[in-house]
Amino acid sequence: MSTDPSSDAPPPVDSERLIVWHRLLPPTRPEEDDPAAAAEWVYSVSARGAGAGGTVLSRIGGSVALAFELVDIHQALEFCLGLLSEADELGATHGPRIALGLASGTFFPQGDWF
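Sequence order as written defines the numbering, with residues in each chain counted from 1. Restriction of local features to residues with pLDDT of at least 70 applies here, the model being predicted, together with a cutoff of 80 or more for giving and counting side-chain atom pairs; totals for whole chains, interfaces and linings are based on all residues. Computation of side-chain values covers all heavy atoms of the structure but excludes hydrogens and water.

Undergrad: In this structure, what is going on with the nonpolar core? I would like to understand it.
TA: Generally speaking, a soluble globular protein has its nonpolar side chains buried in company with each other. What is meant by a nonpolar core is a set of buried Ala, Val, Leu, Ile, Met, Phe, Trp, Tyr and Cys residues, joined one to another through side-chain atoms within 4.5 Å. Only protein chains enter the accessibility calculation, which uses a 1.4 Å probe; a residue whose area is less than 20% of its type maximum is buried, one above 50% is exposed, and one in between is partly exposed. Of all hydrophobic cores here, the largest spans 17 residues; its most connected members are Trp41, Val45, Leu66, Phe68, Phe79, Leu83 and Ile98. Counting from the N terminus, the helices are DSSP H or I runs at least four residues long and the strands are E runs at least two residues long. Contributions of two or more residues to this core are made by strand 1 (15–24), helix 1 (35–51), strand 3 (63–69) and helix 2 (73–90). Pairs of residues are marked as contacts when any of their non-hydrogen atoms sit within 4.5 Å. Residues within four places of Val45 in sequence aside, it is in contact with His22, Val64, Phe79 and Leu83. Listed in part, the five residues of the second largest apolar core include Ile19, Ala65, Ala67 and Phe107.

As structure tokens, this is what we get:
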């Protein structure tokens, strides 16, 4: 469970959701490694995702999982495109390298997932 205070309550069981997975890729060269900048980026992804209507399901390392209601698909896609655009603007050598994955379906939380 994320300890992010901007997170909403977990989605209801058996509800249709769009799940967005964000992954911060490791630097390609040791001199590009900046743990503080990476942590700041991941926190901003969590906060911006929650601000876009998503629920932060998990945040660990460079990964963030968010759930959006299907009716909010446009906001979710704008959020994802904004992340990609910002990472691209910051540049491949100085900015974050990210990967995003999206899936939709019925959401079934398991045990202490939250």
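Undergrad: Is there a simple way to think about the side chain of His22 in this case?
TA: Within the secondary structure layout, His22 lies in strand 1. For this analysis, a polar contact is any N or O atom pair within 3.5 Å, provided that within protein one partner can donate a hydrogen and the other can accept it, and provided that sequence-adjacent residues contribute only side-chain to side-chain pairs. A distance of 3.4 Å separates a polar side-chain atom of His22 from the backbone oxygen of Gly62. Look past the residues within four positions of His22 in its chain and what remains in contact with it is Trp41, Val45, Gly62, Ser63, Val64, Leu83, Ile98, Ala99 and Leu100.

Undergrad: Hey, could you run me through the sheet that holds strand 1 in this one?
TA: Sheet strands associate in pairs through backbone hydrogen bonding, adopting either a parallel or an antiparallel arrangement. Strand pairing is assigned whenever DSSP detects at least two bridges linking the two strands. Strand order in the open sheet made by the four strands is 2-3-1-4, with antiparallel pairing throughout. The open sheet is flanked by strand 2 (55–60) and strand 4 (98–107), the only strands paired with a single partner. Neighbouring strand axes in the sheet, compared pairwise and without regard to direction, differ in orientation by 15° on average. Where strand 1 and strand 3 come together, seven bridges link them in antiparallel fashion. Along strand 3, the bridge assignment pairs His22 with Val64. Each of strand 1, strand 2, strand 3 and strand 4 is contacted by helix 1, which is oriented at about 5° to strand 3, the strand it contacts most. Along the sheet face, helix 2 touches strand 1, strand 3 and strand 4 and points at about 165° away from the line of strand 4. Each axis is a line fitted through C-alpha atoms, taken for helices only over the stretch in contact, and angles between the N-to-C directions span 0 to 180 degrees.

Undergrad: Explain the environment of Asp88 here, please?
TA: Mapped onto the fold, Asp88 is located in helix 2. Overall, the relative accessible area of 62% leaves Asp88 in the exposed class. In the structure, Asp88 is positioned 10 residues away from Ile98 in sequence and 9.5 Å away in space, judged by C-alpha atoms.

Shape is all these values report; function is a separate question.
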